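Per-entry structural report
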Amino acid sequence: MTNLLTDRPVILASASPRRLMLLRQIGIEPQVLPAEIKEINPRPERPPHELVSKNSLIKALAAKKCLGEKDAWIIAADTVVVVDNKILGKPKNPEEACKMLRLLSGRWHHVLSGLCLLDGLSGKQLCGCAVTKVHFSQLSDEEILSYVKTGEPRDKAGSYGMQGQAALFVDRIEGDYSTVVGMSLPLLRVLLKRTTQIEPAEDPGH
(Lines give C-alpha, C1' and ligand atoms only; values in the text may rest on other atoms or scores of the structure.)
Protein backbone atom coordinates (compact mmCIF):
# COMPACT_ATOMS: atom_id res chain seq x y z
CA MET A 1 0.00 0.00 0.00
CA THR A 2 1.31 3.47 -0.91
CA ASN A 3 1.57 5.87 2.00
CA LEU A 4 1.58 9.66 2.11
CA LEU A 5 4.57 10.17 4.40
CA THR A 6 7.75 8.43 3.24
CA ASP A 7 9.28 6.18 0.60
CA ARG A 8 11.90 4.86 3.03
CA PRO A 9 11.51 1.65 5.02
CA VAL A 10 10.24 2.10 8.58
CA ILE A 11 11.38 0.29 11.73
CA LEU A 12 8.92 0.31 14.63
CA ALA A 13 10.86 0.07 17.90
CA SER A 14 7.88 -1.28 19.80
CA ALA A 15 6.03 -4.53 20.44
CA SER A 16 2.75 -2.62 20.77
CA PRO A 17 0.07 -4.03 18.44
CA ARG A 18 -1.72 -0.69 18.74
CA ARG A 19 1.21 1.28 17.31
CA LEU A 20 1.59 -1.27 14.54
CA MET A 21 -2.12 -0.88 13.78
CA LEU A 22 -1.76 2.91 13.56
CA LEU A 23 1.11 2.69 11.07
CA ARG A 24 -0.74 0.15 8.97
CA GLN A 25 -3.75 2.47 9.00
CA ILE A 26 -1.70 5.10 7.13
CA GLY A 27 -0.23 2.64 4.65
CA ILE A 28 3.09 1.88 6.39
CA GLU A 29 4.09 -1.76 6.91
CA PRO A 30 7.07 -1.48 9.27
CA GLN A 31 9.65 -3.96 10.41
CA VAL A 32 8.88 -4.52 14.10
CA LEU A 33 11.91 -4.43 16.38
CA PRO A 34 10.88 -4.20 20.06
CA ALA A 35 13.36 -2.17 22.11
CA GLU A 36 14.51 -3.92 25.27
CA ILE A 37 15.42 -0.95 27.46
CA LYS A 38 15.18 0.34 30.98
CA GLU A 39 12.81 3.28 30.77
CA ILE A 40 13.36 6.49 32.69
CA ASN A 41 11.12 6.47 35.75
CA PRO A 42 8.79 9.35 36.65
CA ARG A 43 10.21 11.89 39.07
CA PRO A 44 8.58 15.01 40.53
CA GLU A 45 11.20 17.25 38.90
CA ARG A 46 10.79 15.66 35.44
CA PRO A 47 7.77 16.98 33.48
CA PRO A 48 5.68 14.26 31.81
CA HIS A 49 6.35 15.60 28.31
CA GLU A 50 10.08 15.34 28.93
CA LEU A 51 9.70 11.82 30.31
CA VAL A 52 7.86 10.42 27.27
CA SER A 53 10.13 12.21 24.79
CA LYS A 54 13.30 10.85 26.44
CA ASN A 55 11.90 7.33 26.76
CA SER A 56 11.02 7.43 23.06
CA LEU A 57 14.57 8.48 22.19
CA ILE A 58 16.08 5.73 24.36
CA LYS A 59 13.92 3.12 22.59
CA ALA A 60 14.90 4.42 19.14
CA LEU A 61 18.61 4.43 20.03
CA ALA A 62 18.35 0.86 21.34
CA ALA A 63 16.80 -0.26 18.06
CA LYS A 64 19.51 1.48 16.04
CA LYS A 65 22.19 -0.19 18.14
CA CYS A 66 20.73 -3.59 17.21
CA LEU A 67 20.35 -2.72 13.54
CA GLY A 68 23.59 -0.89 12.89
CA GLU A 69 23.56 1.44 9.89
CA LYS A 70 20.33 1.00 7.94
CA ASP A 71 18.53 3.08 5.35
CA ALA A 72 15.28 3.46 7.26
CA TRP A 73 13.35 5.63 9.67
CA ILE A 74 13.26 4.24 13.19
CA ILE A 75 10.08 5.21 15.05
CA ALA A 76 9.64 4.86 18.80
CA ALA A 77 6.93 6.09 21.16
CA ASP A 78 6.06 6.24 24.85
CA THR A 79 2.70 7.07 26.42
CA VAL A 80 1.52 8.06 29.90
CA VAL A 81 -1.71 9.27 31.45
CA VAL A 82 -1.63 12.27 33.77
CA VAL A 83 -4.28 13.25 36.31
CA ASP A 84 -3.87 15.58 39.31
CA ASN A 85 -0.24 16.05 38.18
CA LYS A 86 0.28 12.33 38.79
CA ILE A 87 1.67 10.08 36.08
CA LEU A 88 -0.19 6.83 35.56
CA GLY A 89 1.77 4.15 33.75
CA LYS A 90 0.82 0.51 33.26
CA PRO A 91 -0.84 -1.15 36.27
CA LYS A 92 1.20 -3.69 38.22
CA ASN A 93 -1.87 -5.75 39.14
CA PRO A 94 -5.71 -5.74 38.92
CA GLU A 95 -6.02 -3.83 42.19
CA GLU A 96 -3.88 -1.00 40.86
CA ALA A 97 -5.87 -0.98 37.61
CA CYS A 98 -9.10 -0.55 39.60
CA LYS A 99 -7.53 2.27 41.60
CA MET A 100 -6.48 4.11 38.43
CA LEU A 101 -9.90 3.74 36.82
CA ARG A 102 -11.62 5.06 39.94
CA LEU A 103 -9.29 8.05 39.80
CA LEU A 104 -10.22 8.72 36.16
CA SER A 105 -13.97 8.17 36.61
CA GLY A 106 -16.11 11.20 35.82
CA ARG A 107 -13.10 13.44 35.17
CA TRP A 108 -10.78 14.93 32.60
CA HIS A 109 -7.21 13.68 32.28
CA HIS A 110 -4.34 14.14 29.84
CA VAL A 111 -2.72 11.51 27.64
CA LEU A 112 0.84 12.36 26.59
CA SER A 113 2.50 10.43 23.80
CA GLY A 114 6.18 11.01 23.08
CA LEU A 115 7.50 10.22 19.62
CA CYS A 116 11.04 9.89 18.28
CA LEU A 117 12.03 9.73 14.62
CA LEU A 118 15.60 8.49 14.11
CA ASP A 119 17.49 8.31 10.82
CA GLY A 120 19.01 4.83 10.59
CA LEU A 121 21.85 6.08 8.38
CA SER A 122 22.90 9.40 9.90
CA GLY A 123 21.79 8.79 13.48
CA LYS A 124 20.02 12.13 13.49
CA GLN A 125 16.77 12.45 15.41
CA LEU A 126 13.67 14.49 16.06
CA CYS A 127 11.53 14.02 19.16
CA GLY A 128 8.25 15.57 20.24
CA CYS A 129 5.21 15.09 22.41
CA ALA A 130 1.49 15.24 21.65
CA VAL A 131 -1.19 15.82 24.30
CA THR A 132 -4.87 14.89 24.19
CA LYS A 133 -7.46 15.60 26.88
CA VAL A 134 -9.86 12.77 27.63
CA HIS A 135 -13.04 12.83 29.71
CA PHE A 136 -14.43 9.68 31.32
CA SER A 137 -18.08 9.15 32.18
CA GLN A 138 -18.89 8.36 35.79
CA LEU A 139 -18.14 4.67 36.28
CA SER A 140 -19.69 2.32 38.80
CA ASP A 141 -17.54 -0.11 40.76
CA GLU A 142 -19.28 -2.93 38.91
CA GLU A 143 -18.25 -1.46 35.54
CA ILE A 144 -14.66 -1.00 36.70
CA LEU A 145 -14.37 -4.54 38.06
CA SER A 146 -15.95 -6.04 34.95
CA TYR A 147 -13.57 -4.13 32.70
CA VAL A 148 -10.49 -5.10 34.69
CA LYS A 149 -11.55 -8.77 34.51
CA THR A 150 -11.35 -8.58 30.70
CA GLY A 151 -7.57 -8.23 31.07
CA GLU A 152 -7.52 -5.29 28.67
CA PRO A 153 -6.01 -2.78 31.16
CA ARG A 154 -2.99 -4.98 31.87
CA ASP A 155 -0.48 -3.47 29.42
CA LYS A 156 -1.93 0.01 29.00
CA ALA A 157 -0.99 3.37 30.48
CA GLY A 158 -3.76 4.55 32.79
CA SER A 159 -5.27 1.03 32.75
CA TYR A 160 -7.47 1.52 29.71
CA GLY A 161 -7.47 1.13 25.94
CA MET A 162 -9.61 3.64 24.10
CA GLN A 163 -9.43 1.52 20.95
CA GLY A 164 -10.90 -1.39 22.94
CA GLN A 165 -13.81 -1.84 25.32
CA ALA A 166 -12.93 1.31 27.27
CA ALA A 167 -14.34 3.27 24.34
CA LEU A 168 -17.60 2.85 26.28
CA PHE A 169 -16.22 5.07 29.05
CA VAL A 170 -14.87 7.99 26.99
CA ASP A 171 -17.48 10.62 26.27
CA ARG A 172 -15.24 13.50 25.07
CA ILE A 173 -11.74 14.11 23.80
CA GLU A 174 -9.84 17.29 22.91
CA GLY A 175 -6.94 16.47 20.60
CA ASP A 176 -6.13 13.61 18.27
CA TYR A 177 -7.38 10.09 18.84
CA SER A 178 -4.12 8.37 17.85
CA THR A 179 -2.29 10.00 20.77
CA VAL A 180 -4.62 8.18 23.16
CA VAL A 181 -4.08 4.89 21.32
CA GLY A 182 -0.31 5.24 21.74
CA MET A 183 1.32 7.22 18.93
CA SER A 184 0.32 10.58 17.46
CA LEU A 185 0.00 10.30 13.69
CA PRO A 186 -0.32 14.10 13.21
CA LEU A 187 2.93 14.52 15.18
CA LEU A 188 4.62 11.86 13.03
CA ARG A 189 3.65 13.83 9.94
CA VAL A 190 5.09 17.03 11.42
CA LEU A 191 8.37 15.35 12.36
CA LEU A 192 8.80 13.79 8.93
CA LYS A 193 8.22 17.19 7.30
CA ARG A 194 11.01 18.60 9.49
CA THR A 195 13.57 15.92 8.67
CA THR A 196 15.85 18.32 6.80
CA GLN A 197 16.48 20.08 10.14
CA ILE A 198 17.30 17.12 12.37
CA GLU A 199 20.37 16.98 14.60
CA PRO A 200 22.66 14.09 15.65
CA ALA A 201 21.15 11.92 18.37
CA GLU A 202 22.57 11.93 21.87
CA ASP A 203 21.82 9.32 24.50
CA PRO A 204 19.87 11.26 27.17
CA GLY A 205 20.98 8.86 29.90
CA HIS A 206 19.01 8.35 33.07
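Model, not experiment: these values are computed from the prediction. (Residues numbered from 1 in each chain as written. Predicted model: local features only at pLDDT ≥ 70, side-chain atom pairs only at ≥ 80, totals over all residues. Heavy atoms only, no water.)

Examining helix H3 (residues 94-104)
Considered for burial, the residues of H3 that qualify are Ala 97, Cys 98, Met 100, Leu 101 and Leu 104. Down the axis of H3, the buried side of the element spans an arc of 165°, and every buried residue falls inside it. In H3, the exposed positions angled more than 90 degrees off the buried face are occupied by Glu 95 and Lys 99. Those residues of H3 hidden inside the fold are in contact with strand E3 (73-83), strand E4 (86-88), strand E5 (108-119), strand E6 (124-136) and helix H4 (141-149). A positive phi of about 70° marks Gly 106, the residue just after H3. (Buried < 20%, exposed > 50% of the residue type's maximum accessible area, 1.4 Å probe, protein only. Helix = DSSP H or I, 4+ residues; strand = E, 2+ residues; numbered from the N terminus. Arc of directions from axis to C-beta. Contact = heavy atoms within 4.5 Å.)

What to know about the packing of aromatic side chains
For the structure shown, the criterion picks out three aromatic pairs. Every member of this aromatic cluster is reached through a ring pair, and the members are Phe 136, Tyr 147, Tyr 160 and Phe 169. The aromatic ring of Trp 73 is capped on one face by Arg 8, whose charged end is 4.6 Å from the ring centroid. When the ring centre of Trp 108 is taken as reference, the NZ or CZ atom of Lys 133 above it lies at 4.7 Å. (Phe/Tyr/Trp six-rings, centres within 6.5 Å; stacked < 30°, edge-to-face > 60°. Lys NZ or Arg CZ within 6 Å of the ring centre and 35° of its normal.)

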